[in-house]
Amino acid sequence: TKGFVREITLPQVHDARGDLTFIEGGTHVPFTIQRVYYLYNVPVDSERGGHAHRELEQVIFALSGSFRVKIDDGYDTSEYWLRDPRRGLYMSRLVWREIDSFSQGAVCMVLASHHYDETDYFRDYSEFRAAVAQ
Ligand code: TYD
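The name given to the protein in an unreviewed UniProt entry is Sugar 3,4-ketoisomerase QdtA cupin domain-containing protein, with the source organism recorded as Paragemmobacter aquarius.

A.B. asks: How do you make sense of the pairing of strand β6 (residues 58-64) when you look at a structure like this?
C.D. replies: Remark: a regular strand shows side chains that alternate across the two faces of the sheet. The element β6 is largely enclosed, with a buried count of five among its seven residues. Two elements, β6 and strand β9 (residues 87-91), share four bridges in a ladder whose sense is antiparallel. Note that in β9 the partner of Gln58 across the bridge is Met91. In this structure, β6 lies alongside strand β11 (residues 107-112), joined through six bridges in antiparallel fashion. For Gln58, the partnering residue across the bridge sits in β11 and is Ala112.

A.B. asks: Explain the sheet that holds strand β1 (residues 5-9) to me, please; I cannot follow it from the model alone.
C.D. replies: Pairing within the open sheet is antiparallel, and its five strands lie in the order β1-β9-β6-β11-β4. Looking at which strands have only one partner, the edges of the open sheet turn out to be β1 and β4 (35-39). Across the sheet, the axes of successive neighbouring strands diverge by a mean angle of 25 degrees, strand direction being ignored. Bridge count for β4 against β11 is five bridges, and the pairing is antiparallel. Each bridged residue has a counterpart across the sheet, and for Arg35 the counterpart in β11 is Ala112.

A.B. asks: Teacher, can you tell me more about the confidence of the model for the protein here?
C.D. replies: In low-pLDDT regions, the fine details of the predicted coordinates are not to be read closely. Averaged over all residues, the pLDDT of the protein equals 97, while 100% of them reach at least 70. Predicted complex, confidence summary: ipTM 0.95, pTM 0.96.

A.B. asks: Just checking my understanding: could you explain the UniProt feature "domain: Sugar 3,4-ketoisomerase QdtA cupin" (unreviewed entry) in the protein for this structure?
C.D. replies: Mapped onto the present numbering, the UniProt feature "domain: Sugar 3,4-ketoisomerase QdtA cupin" (unreviewed entry) falls at residues 8-132. Taken end to end, residues 8-132 comprises 6% helix and 46% strand; its first and last C-alpha atoms sit 24 Å apart.

A.B. asks: Could you clarify how one ought to interpret the environment of Arg17 in this entry?
C.D. replies: Of note, Arg17 is situated in the loop between β2 (12-15) and β3 (18-21). Since 7 C-beta atoms lie within 10 Å of it, Arg17 is described here as exposed.

A.B. asks: Would you take a moment to explain the nonpolar core for this structure?
C.D. replies: Soluble globular proteins: nonpolar side chains tend toward being buried together. Ranked by internal contacts, the top residues of the largest apolar core, which has 23 residues, are Ile60, Phe67 and Leu82. Listing elements by their share of this core, those giving two or more residues are β6, β7 (67-72), β9, β10 (96-100) and β11. Counting residues per element, this core draws most heavily on β6, which supplies four residues. Those residues within four positions of Leu82 in sequence are excluded, and the remaining contacts are Ile60, Phe61, Ala62, Ser66, Phe67, Val69, Arg87 and Leu89.

A.B. asks: Explain the site of the ligand here, please?
C.D. replies: Residues in close proximity to the ligand include Arg35, Tyr37, Leu39, Arg48, Gly49 and Tyr116, which together make up its full environment. Among the elements of the structure, β4 and β5 (48-53) are those that each provide at least two residues to the shell around the ligand. Broken down by element, the shell around the ligand gets its largest block of residues, three residues, from β4. Its residues assigned to classes, the shell around the ligand shows three nonpolar, one polar and two charged.

Reading the values: rules and limits
Residues numbered from 1 in each chain as written. Predicted model: local features only at pLDDT ≥ 70, side-chain atom pairs only at ≥ 80, totals over all residues. Buried ≥ 20, exposed ≤ 12 C-beta atoms within 10 Å, placed from the backbone. Helix = DSSP H or I, 4+ residues; strand = E, 2+ residues; numbered from the N terminus. Pairing = 2+ DSSP bridges. Axes fitted to C-alpha atoms, helices over the stretch in contact; angles between N-to-C directions. pLDDT = per-residue confidence, 0-100. UniProt positions renumbered as here; feature names shortened; annotations may be inferred. Core = buried A, V, L, I, M, F, W, Y, C linked by C-beta atoms within 7 Å. Contact = placed C-beta atoms within 7 Å. Near = placed C-beta within 6 Å. Nonpolar A, V, L, I, M, F, W, Y, C, P; charged D, E, K, R; others polar.

The following block contains the structure:
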């Protein structure tokens, strides 16, 4: 099975007092959110990710600043620049991702379909590639 990504645009309530964006599990995100985590104080030359997941689905957002997400489904690669807090990138299971080019002060928020589980990770690329080919 091949993994896939797609962009998600969240609602925005705009008025003179500022902008408000909201996320409801199952509505704006195609899973029940079981975990939220965020990356911050990230050095600009830092590389994060470098793994894929057996079951986990995630949506990643740049709440502040920007960064690049490099995607590899085992066959094709693509890249996305996240810089708008309304626009997220949904990643299914079996997607190898690398995140870099963080701007100063960037905040990367991730919504996840399951609690943290190290056994769900592929940290070895060839192991990931073999699982995709099955
Ligand atoms: P990792 O997923 O490798 O980070 P990234 O993909 O952002 O580069 O996780 C880094 C460390 O943090 C690792 O030791 C596991 C731990 N961690 C948790 O304890 N809970 C979590 O929800 C996450 C995402 C990571």
